[in-house]
Amino acid sequence: MRVYGSNAIRNVAFVGHGACGKTTLVDALAFVSGASRRHGSIKDGTTLTDYSPDEIERKHSISLGLGYAEWLDTKINLIDTPGYLDYFGEVVTGLHAADAAVVVLSGTGGVEVGTEKVWEVCDQLHLPRMLFVSLMDKEHADFERVFADVKAHLTPKVVPVEIPIGEGHDFHGIINLFSGHGHAYKRGTKNGEYDVVPIPDEYQARFREYSEHLTEAVASTDDTLIERYLAGEEIPRAEFIAGVKKAILAGQIVPLFCGSGELTYGVRTLLKKTVELLPSAAEVKPPVEAHLVGRVFKTVSEPHVGDVTFFRLHTGELKNGDEVWNAEHEVAEKLNHLSIQQGKDRIEVERLSAGDIGSVAKLRNTHTGDTFCQRDHPVRLPPIPLPDSVATSAVLVKQRGEEDKLAAGLHKLHEEDPTFHFEYSSELGQTLIHGMGERHFDTILHRLERKFGVHAELIRPRVAYRETIKGKAEGQGKHKKQSGGRGQYGDCWVRLAPRARGAGYEFVDNIVGGVIPNKYIPAVDRGVQEAAERGVVAGYPLVDFQAECFDGSYHDVDSNEMSFKMAGILAFRNVAPKARPVLLEPLMEVEAWAPDDLLGDVMGDLSSRRGQILGTEVDGRLTKVRAIVPEAELYKYSTTLHSITHGRGTHRQKFHAYAEAPPEVAAKVAAENQREHAAAS
Ligand SMILES: Nc1nc2c(ncn2[C@@H]2O[C@H](COP(=O)(O)OP(=O)(O)OP(=O)(O)O)[C@@H](O)[C@H]2O)c(=O)[nH]1
Ligand SMILES: [Mg+2]
């Protein structure tokens, strides 16, 4: 493998809506360039970057994949990212490793939800972009419609630099506005090869119109160019290309290309223009100035290999076998078998130049997000800001005894995919997982099975209900046992009263005259607390109340701590049911974003979940609704919101407060609790 200098390296992420053709295009770019030997397909499960068993089975990308193409003495690092929003963390990661993006659009779908979402991230990162309309050979593909769509919904700075000749089944050529030629393809083209042909007559008018548009757009970004252009001067090609590149880097124009990844039409031009128009690794500013800075952006665990670390070298040079310093964990790591990825294949390299993307296996102490540097110049790059998880579920192993394996597997999967989190909730007695949606969870379960041999299923998370009392009441708890020798005797009178929400529990000792000896009073307190843990409505902890012990009696011989604790338990059980106990349910504060025209549906749905709408406000392209909704009603909310808003909506939720549950809810929860107890005993 030849070593490329920084100025001969391009790092490009391929992003876009699900199934718009990214993986197929990346495969074609690598193949046509000669860097990859096989022309793979999604149908056969043979593409360069969708190589995991899950991706092959499902026929869509799940993780970001790395490959490269070599063209015009340049290495183009290709970062393929998934389109489904459940894997959006991979897109964000991929864009952070890249210096530019090719936003892929389907010739039939145009601008879709996923396109808008990736565009936003590109905007935030100020990434130079090119647009590629793929699937031009598909029935109903319509370049003009996609162009209009992009202009209206994505960016007014879009400028077509190609025009397809024929569309759908008739798609057979592309007019190149830079050269002013047509490229004619034949069915059966495998390598992107074409014949150069004159522009067909019926395309002449459009060619002239778009050429003018392009020249004008480029000239208007540069004062000297515009003067020469207005003076009617012909601008030489090299200067023109340089002008286009400058405008792309400044975000002033976004060129629109077209083709078919599957048929390899338009792929050679895209390779060439990637080299000519996108920034080289030498042209981008590193995140920090230091001799050596590399960021680990992804870790994958591969069967028979173990962990493989993908990293972007920002500054400095690395040689195979070099030692680097991991500032996060303060350890040195030796980079044995320093490699680059071509899909699943790792190709060992002698050296990596600044700006390149490398991979290395079996590092002991390095994780996603870590920074490589020199020991005497420690650097820690800030973490890549990943999207928050929006969905929660509980998981249960199908076979008892696999709990440890489950925890180990989940831990590994979190390391591979930081948008996935898990925790064991001792209160609920469940393992909870947090992620981007049901498709995400489904993938997690599959990976658990395939990689770690753990069979698990998703179940509804329990809700952490509470109970409290609304009234005052008092009564006795008396524990008395006479059996042979020494007996047991404890007797207390307790008054229960409500406290404010969140005020917690309070014990008041109002015993006078020593009717209960001081040393036994804490035992009464403990008994009350223990009984309160099990509640009286539906078996949930009873909270926010005061227990006042105001009377009682004892026995010189038979009384002890244990007996008074029992008395406290009995007193609570006797009194609490008379103090108007109620069930409390957790309420969540929900913020949901949706397009304005679907807001009514989103609010209607929230109301049907017993939600209380607090208000709405415009937030960018979307409108935000704030509402208070019981947690019990929010299971799978992200999926519903997704379908109501056709994928455009997102939401966030956080704990708000506990509030009294309506009687019918309390009755249902109590009945469930009884059923569970009956089943357990
Ligand atoms: N006709 C035609 N089909 C294509 C073309 N490119 C991709 N496809 C098909 O479209 C489907 C999606 O292609 P992918 O390459 O997986 O698209 P993607 O954007 O990587 O999809 P995700 O990773 O799931 O977002 C597959 O069935 C491909 O075979 C193309 O240029 N022409
Ligand atoms: Mg893909």
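(A) Looking closely at the site of ligand 1. Within the structure, ligand 1 sits among 20 residues, and Lys22, Thr23, Thr24, Ser61 and Asp137 are positioned closest to it. In the model, a nitrogen atom of ligand 1 is placed 2.8 Å from a nitrogen or oxygen of the aspartate 137 side chain. The element that contributes the greatest number of residues to the shell around ligand 1 is helix α1 (residues 22-32), accounting for three residues.

(B) Molecular detail of the nonpolar core. In terms of nonpolar packing, the biggest core is built from 95 residues, with Phe14, Leu95 and Leu131 touching the most fellow members. For this core, the leading source of residues is α1, giving seven residues. Contacts of leucine 131, omitting those with residues within four sequence positions, involve Val103, Leu105, Trp119, Val150, Leu154, Val158, Val254, Pro255, Leu256 and Phe257. The next biggest cluster of nonpolar side chains, apart from the first, holds 26 residues, and it includes Val494, Tyr520, Val528 and Cys549.

(C) Fine view of the coordination of the magnesium ion (ligand 2). Summarising the metal site, the magnesium ion (ligand 2) is bound by the protein donors Thr23 (OG1) and Ser61 (OG), whose distances to it range over 1.9 to 2.0 Å. Placement of the pair is threonine 23 in helix α1 and serine 61 in the loop between α2 (53-58) and β2 (65-71), with a sequence separation of 38 residues. The pair threonine 23 / serine 61 is uniform in exposure class, with both members buried.

(D) Spatial organisation of the side chain of arginine 466. The topology assignment puts arginine 466 in strand β26 (residues 466-469). A polar contact is formed between the side chain of arginine 466 and the side chain of glutamate 427, at a distance of 2.6 Å. When neighbours within four sequence positions are excluded, arginine 466 is seen to be in contact with Glu427, Tyr540, Pro541, Val543, Val582, Leu583, Leu584 and Tyr658.

(E) Representation of the packing of aromatic side chains in the model. One pass over the structure, following the stated rule, counts 13 aromatic pairs. When the centroid spacing of 5.6 Å and the interplanar angle of 50° are considered together, the rings of phenylalanine 171 and tyrosine 265 count as tilted. Placement of phenylalanine 171 in the loop between β7 (162-165) and β8 (173-176) and of tyrosine 265 in the loop between β11 (254-258) and α9 (267-277) is noted, with a sequence separation of 94 residues between them. Looking at phenylalanine 171, the relative accessible area reads 1%, which means it is buried. Cluster of aromatic residues (ring-pair linked, three or more members): Phe171, Tyr185, Tyr194 and Tyr265.

(F) Fine view of the sheet that holds strand β4 (residues 100-106). Spatially, β2-β3-β1-β4-β5-β11-β6 is the arrangement adopted by the seven strands of the open sheet, whose pairing is mixed. The open sheet has two edge strands, β2 and β6 (158-160), and neither has a second partner. Each neighbouring strand pair of the sheet contributes to a mean axis angle of 30°, computed without reference to strand direction. Bridge analysis of strand β5 (residues 129-134) against β11 gives three bridges, and the strand direction is parallel. The partner of valine 133 across the bridge, within β11, is cysteine 258. Helix α4 (residues 113-125) contacts β1 (9-16), β4, β5 and β11 of the sheet and is inclined by roughly 165° relative to β4.

(G) Representation of the environment of glutamate 402 within the structure. Checked against the element boundaries, glutamate 402 lands in the loop between β22 (391-397) and α10 (403-416). Its relative accessible area of 10% is what places glutamate 402 among the buried residues. Taking the C-alpha atoms as reference, glutamate 402 lies 49 Å from leucine 154; in sequence the two are 248 residues apart. Once residues lying within four places of it in the same chain are set aside, the contact partners of glutamate 402 are Val397, Gly453, Val454 and His455.

(H) Spatial organisation of the sheet that holds strand β9 (residues 181-184). Taken in spatial order, the four strands of this open sheet run β7-β8-β9-β10, and their pairing is antiparallel. Pairing within the sheet leaves two strands with one partner each, and these edge strands are β7 and β10 (195-197). Neighbour-to-neighbour, the strand axes of this sheet turn through a mean angle of 30°, independent of strand direction. Judged from the three bridges that link them, β9 and β10 form a sheet pairing that is antiparallel. In the sheet register, glycine 182 faces β10, and the bridge partner there is valine 197.

(I) How the structure looks around the pattern of salt bridges. Inspection of the entire model under this criterion finds 40 salt bridges. The salt bridge partner of arginine 450 is glutamate 57, with a shortest N-O separation of 3.4 Å. Of this pair, arginine 450 sits in helix α11 (residues 438-452) while glutamate 57 sits in helix α2, and the two are 393 residues apart along the sequence. The exposure class of arginine 450 is partly exposed, given its relative accessible area of 40%. In this structure, a network of salt bridges that share partners links the residues Asp54, Glu57, Glu416, Arg447, Arg450 and Lys451.

(J) The side chain of threonine 431, seen in detail. Relative to the assigned elements, threonine 431 resides in strand β24 (residues 430-435). Using a relative accessible area of 15% as the deciding quantity, one classes threonine 431 as buried. Apart from residues no more than four positions distant in its own chain, threonine 431 is found in contact with Ser393, Ala394, Val395, Leu406, Leu410, Phe422, Glu423 and Tyr424.

What counts, and at which threshold
- Residues numbered from 1 in each chain as written.
- Chains lettered and ligands numbered in written order.
- Predicted model: local features only at pLDDT ≥ 70, side-chain atom pairs only at ≥ 80, totals over all residues.
- Heavy atoms only, no water.
- Near = heavy atom within 4 Å.
- Polar contact = N/O pair within 3.5 Å; in protein donor to acceptor, adjacent residues only side chain to side chain.
- Helix = DSSP H or I, 4+ residues; strand = E, 2+ residues; numbered from the N terminus.
- Core = buried A, V, L, I, M, F, W, Y, C linked by side-chain atoms within 4.5 Å.
- Buried < 20%, exposed > 50% of the residue type's maximum accessible area, 1.4 Å probe, protein only.
- Contact = heavy atoms within 4.5 Å.
- Donors = N, O, S within 2.8 Å, 3.2 Å for Na, K, Ca; no water.
- Phe/Tyr/Trp six-rings, centres within 6.5 Å; stacked < 30°, edge-to-face > 60°.
- Pairing = 2+ DSSP bridges.
- Axes fitted to C-alpha atoms, helices over the stretch in contact; angles between N-to-C directions.
- Salt bridge = Lys/Arg side-chain N within 4 Å of Asp/Glu carboxyl O.

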